[in-house]
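Survey of secondary and tertiary structure
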Amino acid sequence: MKEEIFISGRNIPNIDPSLEVWHFPISLYLFLGGLAAGIMVFAALVTILKKEKQFQATVKQAMLVVPIALSVGLAALFYDLTHKLYVWRLYTTIRIESPMSWGAWVLLIITFISIFWVFSYFTEMFPKWDWKYDFIKKWEAFFIKNRKPMALAMLPLAIILGVYTGILLSAFNARPLWNNAILGPLFLVSGLSTGAAVILLLSKHHYEQSMISKIDLFLIILEIFLIIHMLMGMYAGSEVQLEALNLIFGGPYTVMFFVFVVILGLIFPALLEGVELMGYKIPIAIPAILILMGGLVFRMVMVEAGQITRYLY
Amino acid sequence: MRYAMVIDTLKCVGCSDCVVACQTENNVPEGYCRDWVTETVTGAYPTVELELKSERCNHCDNAPCVRTCPTGASHIVEGGVVLVTPDECIGCGACIESCPYDARFQHPEGYVDKCTFCHHRLEKGQLPACVSVCPTKCMYFGDLDDPKSEVSQLLKTRTQKVLAPESGTKPNVYYLT
């Protein structure tokens, strides 16, 4: 039996022969959103647990990365819109059914919280800086006093942001590669792991490094487990899911997924971190940069490959 | 009122007149189309089967595009017709990703465009452009809530299918087989 389908009169840009509606900026945004969410979860946790003194890079330098990452992510997202002048429409309504709608709101709120957070630590980070005006200093004192409430708000919002980067994709049942319930938790864990990698890169204290490194090792193992879980779910799925699975099992995304994401982005850095924790000297930057690379490539694979998958009829 | 389109695949000759009529009626930009014709060949010679179908937005009851739209630009109006308000659309592409029929596209002006069941014609009591021009009269349009309508009668008497029912969209374009 051989089946052939011809479509007459259709060659729409970005739709035929397969979707190319979301491009690299979306992958970049999902990566930066997850990374920012990861850093914020750690910063909020150590603040709530009153461990800021031991985790200086987590609450200061790494948090400085967050508003930058979120702004670049938002800019990338905006760049990929095709009807840009109407972007304000996102903020005239909240639609619970649409992950993009509540995700956009969470993103807006958490960007402001992260800016206030950095503001509250700014003179501590840069002692020579002077705000000059008294009213700014009053605000600074206010935010310094309210770091704990900020952390309490940031923790759940950051977790929502991390999960949202996955749910954004998994909400589309028309794209079988994305349409699995594990994608939300998987992207959250991946985001936490990339956030930890940023902290590792910026931290100068041994205690902080080894604690974050231990947590990161656990996160990577969890992420590998979740990826196996996702692949098993698709393997046991229907024809459309099997076809989606074929893209990363022998199809055009096999090398990208298994070499760059699973081996170089997860297994190898996990081994390096493990060996480092056992006492051998390994520059922490190597596993950290590999994790960041793996996180970005993972999102690129998911966004690009997902758009190839579709229903068969 | 529940609008539905019924297309007789046994009568369709694949002339693509529906495509041209739609492009003309709706000012669809060059290189784009809101409806299209598929030719599906199955089997091996000499037992070969050919099916011709005019496809478009299915105006689903459970429309994933309306669900995933972050601004509410995609919405359902009276009669179950799924429409896009250009002034509310930000061009994020979520609805395009969510459509199992790939029926939506980004208009060169930025907003998302698709079949409207010729809503502007329905308001005047006219048929959609594609239906009105079909030379073999293989396309029918009407109200499923009215048991006496032509579409209700056809669906009662003929074997039929909808596209990708497993996607859970509850489409409103039916194909007689």
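Below, the structure is looked at part by part. Note that this is a predicted model, so its numbers are computed, not measured.

This part covers the packing of helix H7 (residues 183–202) of chain A against helix H11 (residues 285–308) of chain A. Residue and element names in this part refer to chain A. Remark: H7 packs on H11, axes separated minimally by 8 Å, with the N-to-C direction vectors making an angle of 150°. Classified by the angle between their axes, H7 and H11 sit roughly antiparallel to one another. Crossing of H7 against H11: the hand is left-handed. Counted together, Leu183, Leu186, Phe187, Ser190, Gly191, Ser193, Thr194, Ala197, Val198, Leu200 and Leu201 of H7 and Ala285, Ala288, Ile289, Ile291, Leu292, Gly295, Phe298, Arg299 and Met302 of H11 form the full contact between these two elements. The residue makeup of the contact of H7 with H11, split by class, is 14 nonpolar, five polar and one charged.

Time to look at the interface of chain A and chain B. Each partner contributes to the interface: chain A provides 44 residues, whereas chain B provides 46 residues. Ionic pairing is found between Arg175 of chain A and Glu97 of chain B, a salt bridge with its closest N-O pair at 4.0 Å. Every element with two or more residues in the side of chain A that touches chain B is listed here: strand S1 (3–8) and helix H4 (99–125) of chain A. Top element by residues in the side of chain A that touches chain B is S1 of chain A. It accounts for six residues.

Here we take up the nonpolar core. With 149 residues, the main nonpolar core has Trp22 and Met40 of chain A as its most contacted residues. Ranked by residue count, the leading element in this core is helix H1 (residues 24–48) of chain A, at 15 residues. The contact partners of Trp22 of chain A, leaving out residues within four places of it in the chain, are Asp80, Met100, Leu169, Phe172, Trp178, Val303 and Gln307 of chain A together with Cys92, Gly93, Ala94 and Glu97 of chain B. Among the nonpolar cores identified, the runner-up in size contains nine residues, and Ala4, Val6, Tyr140 and Tyr174 of chain B belong to it.

A pair of packed helices is captured by two measures, namely the crossing angle of their axes and the spacing between those axes. Residue and element names in this part refer to chain A. In contact at an axis separation of 8 Å, helix H8 (residues 206–235) and helix H9 (residues 239–248) are set at 135° when each is read in the N-to-C sense. With respect to each other, H8 and H9 are oriented oblique. Across the interface between the two elements, Leu231, Met234 and Tyr235 of H8 pack against Gln241, Leu242, Ala244, Leu245 and Ile248 of H9. Looking at side-chain class alone, the contact of H8 with H9 contains seven nonpolar, one polar and no charged residues.

So, about helix H6 (residues 147–170) of chain A. Counted at 1.5 Å a residue, the expected span for H6 of chain A with its 24 residues is 34 Å, and the 34 Å between its end C-alpha atoms agrees. Maximal helix bending in H6 of chain A amounts to about 35°, located at Tyr164 of chain A.

For the rest of this paragraph, the subject is the sheet that holds strand S8 (residues 139–143) of chain B. Residues and elements named next belong to chain B. Taken in spatial order, the four strands of this open sheet run S8-S1-S10-S9, and their pairing is mixed. Edge positions in the sheet fall to S8 and strand S9 (160–161), since each has one partner strand and no second. Lying on the sheet, helix H6 (residues 150–157) is in contact with strand S1 (3–8), S8, S9 and strand S10 (173–176); it crosses S8 at an angle near 110°.

Here the focus is the packing of aromatic side chains. All names here are of chain A. As enumerated under the stated definition, the model contains 25 aromatic pairs over all chains in all. Taking 5.9 Å as the distance between ring centres and 75° as the angle between the ring planes, the aromatic pair formed by Phe119 and Phe143 counts as edge-to-face. Note that Phe119 is positioned in helix H4 and Phe143 in helix H5 (residues 134–145), a separation of 24 residues in sequence. Comparing Phe119 with Phe143 shows no difference in burial state: the two are buried. Note on Phe172 and Trp178: the rings are 5.8 Å apart at their centroids and 50° apart in plane angle, and the pair reads as tilted.

Attention shifts here to the pattern of salt bridges. Within the structure shown, the criterion is met by 16 salt bridges over all chains. If you follow the salt bridges from partner to partner, you end up with Arg175 and Arg310 of chain A together with Glu97 and Asp102 of chain B in one network.

What follows deals with the environment of Thr123 of chain A. All names here are of chain A. With respect to the helices, strands and loops of the structure, Thr123 is situated in helix H4. Each C-alpha atom of the pair Thr123 and Ala174 lies 50 Å from the other, and the pair is 51 residues apart in sequence. The contacts of Thr123, once residues within four sequence positions are left out, are Trp129, Trp131 and Glu140. Polar contacts involving the side chain of Thr123 include one to the side chain of Glu140, which spans 2.4 Å.

Residues and elements named next belong to chain B. The buried fraction of S1 is high, at six of six residues. Across the two faces of S1 the burial is the same, with Tyr3, Met5 and Ile7 and Ala4, Val6 and Asp8 all buried. Across five bridges, S1 lies against S8 in antiparallel orientation. From the neighbouring strand, Ala4 faces S8, where its bridge partner is Gly142.

Attention now moves to unusual backbone geometry. Cis geometry is adopted by the peptide bond preceding Pro17 of chain A, which originates at Asp16 of chain A and carries an omega value of 0°. Looking at where Pro17 of chain A falls in the secondary structure, it is placed in the loop between S1 and H1. Cis geometry is found at the peptide bond from Tyr45 of chain B to Pro46 of chain B, where omega equals 10°. Here Pro46 of chain B lies in the loop between strand S2 (36–44) and strand S3 (47–55). A positive phi angle, near 70°, is found at Lys132 of chain A, a position not held by glycine. Judged by relative accessible area, Lys132 of chain A falls into the exposed class, the value being 66%. Even without being a glycine, Ala164 of chain B presents a positive backbone phi close to 45°. Relative to the helices and strands, Ala164 of chain B resides in the loop between S9 and S10.

Definitions and limits used
- Residues numbered from 1 in each chain as written.
- Chains lettered and ligands numbered in written order.
- Predicted model: local features only at pLDDT ≥ 70, side-chain atom pairs only at ≥ 80, totals over all residues.
- Heavy atoms only, no water.
- Axes fitted to C-alpha atoms, helices over the stretch in contact; angles between N-to-C directions.
- Helix = DSSP H or I, 4+ residues; strand = E, 2+ residues; numbered from the N terminus.
- Parallel < 35°, antiparallel > 145°, perpendicular 65-115°, else oblique.
- Left-handed = near helix turned anticlockwise from the far one by under 90°.
- Contact = heavy atoms within 4.5 Å.
- Nonpolar A, V, L, I, M, F, W, Y, C, P; charged D, E, K, R; others polar.
- Salt bridge = Lys/Arg side-chain N within 4 Å of Asp/Glu carboxyl O.
- Core = buried A, V, L, I, M, F, W, Y, C linked by side-chain atoms within 4.5 Å.
- Buried < 20%, exposed > 50% of the residue type's maximum accessible area, 1.4 Å probe, protein only.
- Expected span 1.5 Å × (residues − 1).
- Bend = angle between axes of the 7 residues up to and from the residue.
- Pairing = 2+ DSSP bridges.
- Phe/Tyr/Trp six-rings, centres within 6.5 Å; stacked < 30°, edge-to-face > 60°.
- Polar contact = N/O pair within 3.5 Å; in protein donor to acceptor, adjacent residues only side chain to side chain.

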